[in-house]
Amino acid sequence: MAKDSLKVSLDALVPREAFEVQGQQGQNIARMTISIRDLEESSFFYPFLRKPDFQRETNEWDAQKICEFIESFLDGDLIPAVILWRSSSSYYFVIDGSHRLSSLIAWINNDYGDGKISKKFYDGDIDEQKSAAQEVRKLINEKIGSYKDYQLLTQHQGQVNPKILERARNLGALAIQLQWVEGNSSKAEASFFKINQKAAPIGETEMRLLLA
């Protein structure tokens, strides 16, 4: 019997934040996409990404699912939009799409629960997630290649797999589509629970705890 793939902890890649004052009005946003460069740790966008403080941990995807999603993105396949809400403090709250967004952040920053961002988040206590991180990194390096590899590919086009080279050339034009929740924090919170009840139902007990 095949060994079950370990679930990968991506929870540190988008930190949690409270919606602040209940009923706080969000800000209008014009941008409709997130580029690859926006998800680099040093970008002007990534540091302001947040998850609602009541959202469950981002640790439900295994190595295979993360790898398949990144492949789909690189090949330009149709991917559901990520839904965000912007608070008046300029945080971008992920209302839907946390695993998708975190998978790309993990690939771009080489952090599958054991990298720089995760180590800082967990104060270096990442022993329990190392095995899963090593598993997904090995699979991605074999099937896709690292983000750093793609950055270097266009400079060294000798004996390169044509598929990989095509992906590298297209990488700068690829982006995640965005949808924005309009209205105040109450509307954003209601949107989160409505979306997540449809996609992955939350049990009655868990729902009571989250809403408490």
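Up top you'll find the structure we're talking about.
Below: a short report on this structure. (Residues numbered from 1 in each chain as written. Predicted model: local features only at pLDDT ≥ 70, side-chain atom pairs only at ≥ 80, totals over all residues. Heavy atoms only, no water.)

**Quick word on the side chain of His-99**
Right, so step 1: Mapped onto the fold, His-99 is located in helix α2 (residues 98-109).
Right, so step 2: Of the residues examined, His-99 reaches a relative accessible area of 17% and is grouped as buried.
Right, so step 3: A polar contact is formed between the side chain of His-99 and the backbone nitrogen of Glu-60, at a distance of 3.0 Å.
Right, so step 4: With residues up to four places along the chain from it excluded, the contact list for His-99 reads Leu-10, Glu-57, Thr-58, Asn-59, Glu-60 and Trp-61. (Helix = DSSP H or I, 4+ residues; strand = E, 2+ residues; numbered from the N terminus. Buried < 20%, exposed > 50% of the residue type's maximum accessible area, 1.4 Å probe, protein only. Polar contact = N/O pair within 3.5 Å; in protein donor to acceptor, adjacent residues only side chain to side chain. Contact = heavy atoms within 4.5 Å.)

**Here we look at the environment of Ile-144**
Right, so step 1: On the secondary structure map, Ile-144 appears in the loop between α4 (130-143) and α5 (147-153).
Right, so step 2: Note: C-alpha distance between Ile-144 and Cys-67 (77 residues apart in sequence) is 7.8 Å.

**A closer look at the sheet that holds strand β6 (residues 175-180)**
Right, so step 1: Sheet architecture is open: six strands sit in the order β1-β3-β5-β4-β6-β2, paired in mixed fashion. Since the sheet does not close on itself, it has two edges, and those belong to β1 (16-17) and β2 (33-35), each with one partner.
Right, so step 2: Here β2 pairs with β6 via three bridges, running antiparallel. In the sheet register, Ile-34 faces β6, and the bridge partner there is Ile-176.
Right, so step 3: Its contacts with the sheet place α2 against β2, β3 (49-52), β4 (82-86), β5 (92-96) and β6, and it is angled at close to 125° to β5. (Pairing = 2+ DSSP bridges. Axes fitted to C-alpha atoms, helices over the stretch in contact; angles between N-to-C directions.)

**Details of the pairing of β5**
Right, so step 1: Counting buried positions over the five residues of β5 gives five, a clear majority of the element.
Right, so step 2: Relative to β5, β3 runs parallel, the two being bridged by two bridges. From the neighbouring strand, Leu-49 faces β5, where its bridge partner is Tyr-92.
Right, so step 3: In this structure, β4 lies alongside β5, joined through four bridges in antiparallel fashion. Among the inter-strand pairings, Leu-84 is bridged to a residue of β5, identified as Val-94.
Right, so step 4: As consecutive antiparallel partners, β4 and β5 are separated by five residues, and within that stretch Ser-90 has a phi angle of approximately 75°, a positive value.

**Digging into α2**
Right, so step 1: Between its first and last C-alpha atoms α2 spans 16 Å; for twelve residues at 1.5 Å apiece the expected length is 16 Å, and the two agree.
Right, so step 2: Counting buried residues along α2, eleven of its twelve residues qualify, which places the element largely inside the surrounding structure.
Right, so step 3: Within α2 the residues assigned to the buried category are Ser-98, His-99, Arg-100, Leu-101, Ser-102, Ser-103, Leu-104, Ile-105, Ala-106, Trp-107 and Ile-108.
Right, so step 4: Once α2 finishes, Asn-110 follows within two positions and takes phi at roughly 50°, a positive value. (Expected span 1.5 Å × (residues − 1).)

**What about the pairing of β3?**
Right, so step 1: Alternating residues of β3 divide into Leu-49 and Lys-51 and Arg-50 and Pro-52, and every residue in both groups is buried.
Right, so step 2: Here two bridges tie β1 to β3, and the two strands are oriented parallel to one another. Counterpart to Arg-16 in the pairing with β3 is Lys-51.

**Describing unusual backbone geometry**
Right, so step 1: Positive phi values are uncommon outside glycine, yet Ser-90 reaches one of about 75°.
Right, so step 2: Residue classification places Ser-90 among the partly exposed positions, given a relative accessible area of 21%.
Right, so step 3: Unlike most non-glycine residues, Asp-123 shows phi in positive territory, near 55°.
Right, so step 4: Inspection of the secondary structure assignment puts Asp-123 in the loop between α3 (116-121) and α4.
Right, so step 5: On the basis of relative accessibility, which here comes to 72%, the residue Asp-123 falls in the exposed class.

**Here we look at helix α1 (residues 63-74)**
Right, so step 1: Over its twelve residues, α1 extends 17 Å from the first C-alpha to the last, a length consistent with the 16 Å expected when each residue adds 1.5 Å.
Right, so step 2: Of all the residues in α1, the buried ones are Ala-63, Ile-66, Cys-67, Phe-69, Ile-70, Glu-71, Phe-73 and Leu-74.
Right, so step 3: If you check the start of α1, you find a side-chain oxygen 3.3 Å away from the backbone N of Gln-64, and it comes from Asp-62.
Right, so step 4: Positive backbone phi, at 75°, marks Gly-76, one or two positions downstream of α1.

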